[in-house]
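Overview (structure and organization)
As a plain string of letters, each chain reads:
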Amino acid sequence: MAASQLALISKKIIKPSSPTPLIHRIQKLSIFDQLNPSSYMSYGLFFPKQGNPALPDDPTHISTILENSLSRALTSYYPLAGTIRDEGLHVECNDVGAKFLQVKIDCPMSQIFYQNSTEAEDLVFPRDLPWTPSKENLVVAQLNHFNCGGIAIGVCVSHKVVDGSSMANFTHHWSTMARNPNAPIPSFQFVGGSHFPPVSSPIAEAILKSKTGGNNSCISKKYLLSRSKINSLKAMIAAESGNKSSSINPSSVEAASAFVYKCIASNSTKPSIFTQSVNLRPIMKKWLPEEFQGNASFLFMAPEISDPADIKLHRLISELRKEKEMYWETKNLMSTLLEKVKLLQNQLERDHDDEVDVYKCTSLSKFSFRHMDYGWGSPTRVCLGSVPINKKIFLMDSQTEDGIEVLVSLKQQQISALETKSNLLEFASPL
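Residues numbered from 1 in each chain as written. Predicted model: local features only at pLDDT ≥ 70, side-chain atom pairs only at ≥ 80, totals over all residues. Heavy atoms only, no water.

The protein chain is annotated in an unreviewed UniProt entry as Acylsugar acyltransferase 3-like from Solanum pennellii. Turning to the protein chain, the UniProt record has this under Sequence similarities (unreviewed entry): "Belongs to the plant acyltransferase family." (UniProt positions renumbered as here; feature names shortened; annotations may be inferred.)

As structure tokens, then:
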């Protein structure tokens, strides 16, 4: 779809409803923040007008609701209204605010739905912003008005300050305040840097390089694994694992992510490594307050596999579970992280030198993006848009929440091989 179908209505800066206290002016970033790029993560929420009388007819009224509630949400998530300083080691919480764009898209929302393309979905995001380095504003939101009366909210949030979990929490509180202007403003603590300080820059640079977008030769494609297909995958993995004593019962995310990785890696002659971004909050409860927000995810790395024919799904899942158990049992998380970071650095440098393929998987399942209600019901569609990061896999709950949507970002030839030279399409349907 052409960007010429889009016309800017307004551009504003939304500041927190209350000034950030001086005691919170400088926020030291943690090792988790440091190892994530300043790039914007993005998500889009679609709210059709048809069959939705709760969605206001007046575009100005919708915009006012979203602007006022965003202002209140930024009071709680004050680092997102700030500025990254000291080469990504601090955030100055100076209340510069978030950028809020309002645009008109000269087509019905259904036209984007029928395109079945992440490129069509990209229209609802601030132009050329997703997965590029965040600059003066760490949050940029775009309210899109379609000529059918429906709206879409496209949001870009700096990964340097939050991960998927905190981004979902931020969106949840923003939507709650839109739905209920009198809802109390919660108080959160961004104290990760005090407990888990940054590591040396060379180590961080190697990891950041692997997470940065900008590879224009990558394309993103989406696939659906239905509940019945996932159950078939689980049964296949359980049978593959052999007798009852060694049998595993994989989760839906484990089964889907391991399967997609195998389908991709089986078309390469290079060794490969599968990594999974894991939310460490359940483990970090020992050290961090319940009100903590920020980055708290880390890449768990399975052992390198030299021959794609040797990829066994049950073994891959078991290895990642062992990694998780090791984190649960550690008495010094910082020491464990430093050890794992150095191993990760080495493998990502080998990936950069084209010696090995490192595949990075992130699951946004269970983060409830599909239940964000701003006062006019839940979105009928949630999207991430295009992700220009090679060898990247995203998982989300499906639209009807009875399956899993998988977004894969690869080179064009890898996508073609994935669909024609693997058994992906036996279990997954293109979206």
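The next thing to look at is the sheet that holds strand β4 (residues 83-85). Spatial strand order, β2-β5-β4: three strands in an open sheet with antiparallel pairing. Where the open sheet ends on each side, the last strands, each with one partner, are β2 (26-28) and β4. Averaged over neighbouring strand pairs, the angle between their axes works out to 30 degrees when direction is ignored. (Pairing = 2+ DSSP bridges. Helix = DSSP H or I, 4+ residues; strand = E, 2+ residues; numbered from the N terminus. Axes fitted to C-alpha atoms, helices over the stretch in contact; angles between N-to-C directions.)

Checked against the element boundaries, asparagine 137 lands in the loop between α4 (118-121) and β7 (139-146). Sequence separation between asparagine 137 and leucine 80 is 57 residues; the distance between their C-alpha atoms is 7.9 Å. Residues within four places of asparagine 137 in sequence aside, it is in contact with Ile13, Tyr40, Val96, Gly97, Ala98 and Lys99. (Contact = heavy atoms within 4.5 Å.)

The tally for this structure, following the rule as stated, stands at 18 salt bridges. Of the charged contacts, one joins lysine 270 and aspartate 357 as a salt bridge, the two residues approaching to 3.1 Å between their closest N and O atoms. Of this pair, lysine 270 sits in the loop between α9 (252-265) and β10 (272-279) while aspartate 357 sits in strand β12 (residues 357-363), placing them 87 residues apart in sequence. Salt-bridge contacts for aspartate 357 lead to lysine 391; the nearest nitrogen and oxygen are separated by 3.2 Å. (Salt bridge = Lys/Arg side-chain N within 4 Å of Asp/Glu carboxyl O.)

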